[in-house]
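So the chains spell out like this:
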There are 2 protein chains.
Amino acid sequence: MTHAPLPDPVRLVVDCMGGDHGPSVTLPACRAFLDKHPAAELILVGQPEALKAAVAWPRCRIVAASEVVTMDDPIEVALRRKRDSSMRVAIQQLKAGRDGEAPLAHACVSAGNTGALMAVAKVLLKTVAGIDRPAIAAVMPNANGGFTTVLDLGANVDSSAENLLQFAVLGSALVSAVDGIEEPSVGLLNIGEEAIKGSETIKQAGELLRAAGGAGQLNFYGNVEGNDIFKGTTDIVVCDGFVGNVMLKASEGLAGMMGGFIKAEFTRDWLSMLGGLLAKPVLNRFKRRVDHRRFNGAALLGLRGLVFKSHGSADAFAFENALARAYDAARNRLLDRVHERIVATLQASTGAVAADAGDKAAPAAQAA
Amino acid sequence: MTHAPLPDPVRLVVDCMGGDHGPSVTLPACRAFLDKHPAAELILVGQPEALKAAVAWPRCRIVAASEVVTMDDPIEVALRRKRDSSMRVAIQQLKAGRDGEAPLAHACVSAGNTGALMAVAKVLLKTVAGIDRPAIAAVMPNANGGFTTVLDLGANVDSSAENLLQFAVLGSALVSAVDGIEEPSVGLLNIGEEAIKGSETIKQAGELLRAAGGAGQLNFYGNVEGNDIFKGTTDIVVCDGFVGNVMLKASEGLAGMMGGFIKAEFTRDWLSMLGGLLAKPVLNRFKRRVDHRRFNGAALLGLRGLVFKSHGSADAFAFENALARAYDAARNRLLDRVHERIVATLQASTGAVAADAGDKAAPAAQAA
């Protein structure tokens, strides 16, 4: 498969009102993004008054939305009550473009609340054929100096073995599009020898993944454990959304605690502060390595449209990174890649199942 | 309930051959432990040749065992093949003491492989009445400068709501015994608003825990998320063993990666090394704060005997901490506390269910 980048312009639609800070963060990020991506175009969605700074920007159009989904709004409010929210209008723009009713936008970015964004995106865009449930994928830094893409991070609880196989397909498409690794390796998150190796679901998922790997449709590595995410053992780690969400939040908590400890120790007394001053360039390099703002931009995968979710607390630097990530995914035809991989893997595995059934049916028919 | 400490001597039985390093680590740890605990006694189990350095030690007895369960031995080998292993003999000593067939040992410590240790302990000791499945509990440092006790860390996969309630009971008994917090708070590990709040099992567990909390049998805080473990939101966090194991290993991996990054940055060039030299006392204080050796010693809870598991790679300092933890648990009557809490919580909740059924049956009978 060749994947020549999309022809310019690649156009993103941005929910400018979402997140903890709204336009005070999203607008400077959009401006910086436009400056760095001279062939990109943006559709900015939000309250016109709040977006008026952007009226005269080049390669940029404003679409009005009168309401805002807050970070605490229940999913129901985002779905049914606030029908003119910036989040909903942004997804609507993406959909209308796809269906030929508006200028095409190639991806949507929002820092709004995840549950609401996923629900609105699912209802408006629908899932891709062959994918039962969308998943949330994000990258985490690893000891190799690279990133590990992990999914699902909380779109689902109680994933089936088939769901986990689908997550592997979606993740492989994402990493090939965004990170340029054509055949990324996939690990199945499991536990060690401390207990029987995983639940029934995990064992079945392992079998499906091994079969897909054996048929050359996925680069399946095998089981991995929690520490492998940060070792960088595989490019992709697939897991149930409950497990992924707990792991993600525990990691954020641990990194925050360790950062707090470092800060506390370096400000404990004047001698420590002097040490901190002298070590500042080194500490800054360390901070940069684990700065989660650099990895901002989770992909909502499996939908008939590309939606990227920025952390709600993102600053302009972080939000710009989410825009860049969405841009790369769109430009490198993530949706086409998802489609191709579904055809190759899922339909092949379904086909194999059908062929198996046929094989078994035949002797039975003869016997009859 | 009053819990006067056990009268001296409190006696531990130690599997001296277990772990990556065997007696070269366990013996110095035992010696240091004896020096610091002048009223404690030890039973050292292992190959007599390997333990001969301890022959003349005070308050110390050697029990011979000819075999060793390796870190890679499958559970079956530990259970059925190596019947004279130091691990098995150590647990056997604990059981024989309990049953009045040998001098009483109050707890057992091993650095042997977790799966094997749990299996042997379960088969020989059996579970406490009212507990369906044992669980593994360990502490993790939190931002309050204290510790959060988390269980289950991998003894089970697919825990039921009742299992999770039992873990809360076991964890409460442990923390009250070892950390001296009489009514420790319990959080149920769950995920955020990104998805429907948790699986059916988690929702049911929440109801059971809320009921036990409402009846004053547990100090139930409510749901917590992954980051709350390191924030120290609650004294105890209960979760399924699969989730707990992934979280634990991911945390170990992340902490290792961050430590590696700090080291790499401080040794990058001579200026960085100079900064590292000047900041060394500060960095050492930081390292001490997150030094997992200080937290070594996981409890295998729910068994009719106290078994503590040291990390396989523990050094003498870490193994000594596991001994101290087991000693504290035994001295503060952890088994009695487990029993009391089971009577109070689990039998009360079973009683409540029975009473409910009675209430509902009555009007139906009247109607009939």
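Everything below is about the structure shown above.
Predicted model, so just to flag it, every value in this text is computed and none were measured.

Peer 1: Got a minute to help me understand the overall build of chain A in this structure?
Peer 2: The helix and strand inventory of chain A stands at 12 helices and 11 strands. Taken over the C-alpha trace, chain A has a radius of gyration of 22 Å; the compact-globule value for 368 residues is 21 Å, and the two agree within 12%. Summarising its shape, the C-alpha atoms of chain A cover approximately 80 × 60 × 40 Å along the three principal directions. Split into buried and exposed, the 368 residues of chain A put 55% on the buried side. Here the contacts in chain A between residues at least 6 apart in sequence split such that 70% fall between residues at least 24 apart. Looking at chain A as shown, the accessible area adds up to about 14,800 Å², and 55% of this sits on carbon and sulfur atoms.

Peer 1: So what exactly am I meant to see when it comes to unusual backbone geometry here?
Peer 2: A negative phi angle characterises most non-glycine residues, just as the trans form characterises most peptide bonds. A cis geometry characterises the amide bond from D8 of chain A onward to P9 of chain A, with omega recorded as -10°. Locating P9 of chain A in the fold gives a position in the segment before β1 (10–15). Residue D152 of chain A is bonded to the preceding L151 of chain A through a cis peptide linkage, with omega at 5°. For D152 of chain A, the location among the structural elements is in the loop between β6 (147–151) and α5 (161–178). For R59 of chain A, which is not glycine, the phi torsion reads 50° and is therefore positive. Among the secondary structure elements, R59 of chain A is positioned in the loop between β2 (40–46) and β3 (60–64). Judged by relative accessible area, R59 of chain A falls into the partly exposed class, the value being 29%. Its identity is not glycine, yet D158 of chain B carries a phi of approximately 60°, on the positive side.

Peer 1: Would you mind going over the side chain of Q93 of chain B with me for this structure?
Peer 2: Residues and elements named next belong to chain B. With respect to the secondary-structure elements, Q93 resides in helix α3 (residues 86–98). Look at Q93 and you get buried, because its relative accessible area is 15%. Those residues within four positions of Q93 in sequence are excluded, and the remaining contacts are V13, I43, R61 and V63.

Peer 1: Help me out: how do you make sense of the sheet that holds strand β5 (residues 135–141) of chain B in this one?
Peer 2: Note on sheets: strands pair through backbone hydrogen bonds, and any given pair is parallel or antiparallel. Residues and elements named next belong to chain B. Strands sit in the order β3-β2-β1-β4-β11-β10-β5-β6-β9-β7-β8 across an open sheet of 11 strands; the sheet is mixed. What marks the edges here is a single partner per strand, and that holds for β3 (60–64) and β8 (219–224). Taking each pair of neighbouring strands and ignoring which way they run, the sheet shows an average axis angle of 25°. Bridging between β5 and strand β10 (residues 298–301) involves 3 bridges; their strand directions are antiparallel. Considered in β10, the bridge of A135 is made with L301. Running at roughly 175° to strand β11 (residues 307–309), helix α4 (residues 114–125) makes contact with β4 (107–110), β5, β10 and β11 of the sheet.

Peer 1: What is the right way to read the nonpolar core from this model?
Peer 2: Proteins that are soluble and globular tend to have nonpolar side chains buried together. Core analysis: the biggest nonpolar cluster contains 246 residues, and L44 and L334 of chain A together with L44 and L334 of chain B have the highest contact counts within it. Both domain 1 (1–126 + 303–331) and domain 2 (143–294 + 334–362) of chain B contribute no fewer than three residues apiece to this core. The contact partners of L44 of chain B, leaving out residues within four places of it in the chain, are V14, C16, L27, C30, L51, A54, W57, C60, R61, I62 and V63 of chain B.

Peer 1: Any chance you could explain the pattern of salt bridges here in plain terms?
Peer 2: Pairing between side chains becomes possible if they bear opposite charge and their charged atoms approach one another. All names here are of chain A. One pass over the structure, following the stated rule, counts 38 salt bridges over all chains. For D8, the salt bridge identified is with R331, shortest N-O distance 3.4 Å. In this pair, D8 is assigned in the segment before β1 and R331 in helix α11 (residues 316–331), connecting sequence segments 323 residues apart. The closest approach of N and O atoms between E41 and R11, which form a salt bridge, is 3.0 Å. On the criterion of sequence distance, the pair formed by E41 in strand β2 and R11 in strand β1 is long-range, its members being 30 residues apart.

Peer 1: Would you take a moment to explain the interface of chain B and chain A for this structure?
Peer 2: Interface size is often expressed as the accessible area that is lost when the parts come together. Contact residues are listed per partner, giving 56 residues for chain B and 55 residues for chain A. For the pair chain B and chain A, the summed buried area comes to about 5,300 Å², and 73% of that belongs to carbon and sulfur atoms. The residue E265 of chain A makes a salt bridge to R289 of chain B at a minimum N-O spacing of 3.0 Å. Inspection of the region where chain B meets chain A yields 10 residue pairs in polar contact (both at pLDDT 80 or more). Within the residue set of the side of chain B that touches chain A, elements represented by two or more residues are α4, α6 (200–214), α7 (226–231), α8 (241–266), α9 (270–278) and α10 (280–289) of chain B.

Peer 1: Sorry if this is basic, but what is going on with the sheet that holds strand β10 (residues 298–301) of chain A here?
Peer 2: Residues and elements named next belong to chain A. Ordered by their spatial adjacency, 11 strands build an open sheet running β3-β2-β1-β4-β11-β10-β5-β6-β9-β7-β8, and the pairing between neighbours is mixed. At either end of the open sheet lies a strand with only one pairing partner, and these are β3 and β8 (219–224). Between one strand and the next, the sheet's axes are offset by a mean angle of 25°, whatever the strand orientation. Relative to β2, β1 runs parallel, the two sharing 6 bridges. When the bridges of β2 are listed, V13 appears paired with I43. Strands in contact with helix α4 (residues 114–125) are β4 (107–110), β5 (135–141), β10 and β11 (307–309); relative to β11, the strand with the most contacts, it is inclined by about 175°. Across the sheet, helix α6 (residues 200–214) is in contact with β7 (185–189), β8 and β9 (236–238); its angle to β7 comes to roughly 165°.

Peer 1: What's the story with the packing of aromatic side chains in this structure? I'm lost.
Peer 2: Note on aromatic pairs: each is described by the distance of the centres and the angle between the planes. Tallied over the entire structure, the rule returns 4 aromatic pairs over all chains. With a centroid separation of 5.4 Å and 65° between ring planes, the pair formed by F147 of chain A and F295 of chain A is classed as edge-to-face. One end of the pair, F147 of chain A, is in strand β6; the other, F295 of chain A, is in the loop between α10 (280–289) and β10, with 148 residues separating them in the sequence. On the accessibility criterion, F147 of chain A (37% relative accessible area) is partly exposed. When its relative accessible area of 9% is taken as the criterion, F295 of chain A is described as buried. Judged by centre distance (5.6 Å) and plane angle (75°), the rings of F33 of chain B and Y327 of chain B are edge-to-face.

The rules we used
Residues numbered from 1 in each chain as written. Chains lettered and ligands numbered in written order. Predicted model: local features only at pLDDT ≥ 70, side-chain atom pairs only at ≥ 80, totals over all residues. Heavy atoms only, no water. Helix = DSSP H or I, 4+ residues; strand = E, 2+ residues; numbered from the N terminus. Rg over C-alpha atoms; globule rule 2.2 N^0.38 Å. Buried < 20%, exposed > 50% of the residue type's maximum accessible area, 1.4 Å probe, protein only. Contact = heavy atoms within 4.5 Å. Areas by Shrake-Rupley, 256 points an atom, 1.4 Å probe, with all protein chains shown as cover. Pairing = 2+ DSSP bridges. Axes fitted to C-alpha atoms, helices over the stretch in contact; angles between N-to-C directions. Core = buried A, V, L, I, M, F, W, Y, C linked by side-chain atoms within 4.5 Å. Domains from an automatic or database assignment. Salt bridge = Lys/Arg side-chain N within 4 Å of Asp/Glu carboxyl O. Buried area = accessible area lost by both parts, 1.4 Å probe. Polar contact = N/O pair within 3.5 Å; in protein donor to acceptor, adjacent residues only side chain to side chain. Phe/Tyr/Trp six-rings, centres within 6.5 Å; stacked < 30°, edge-to-face > 60°.

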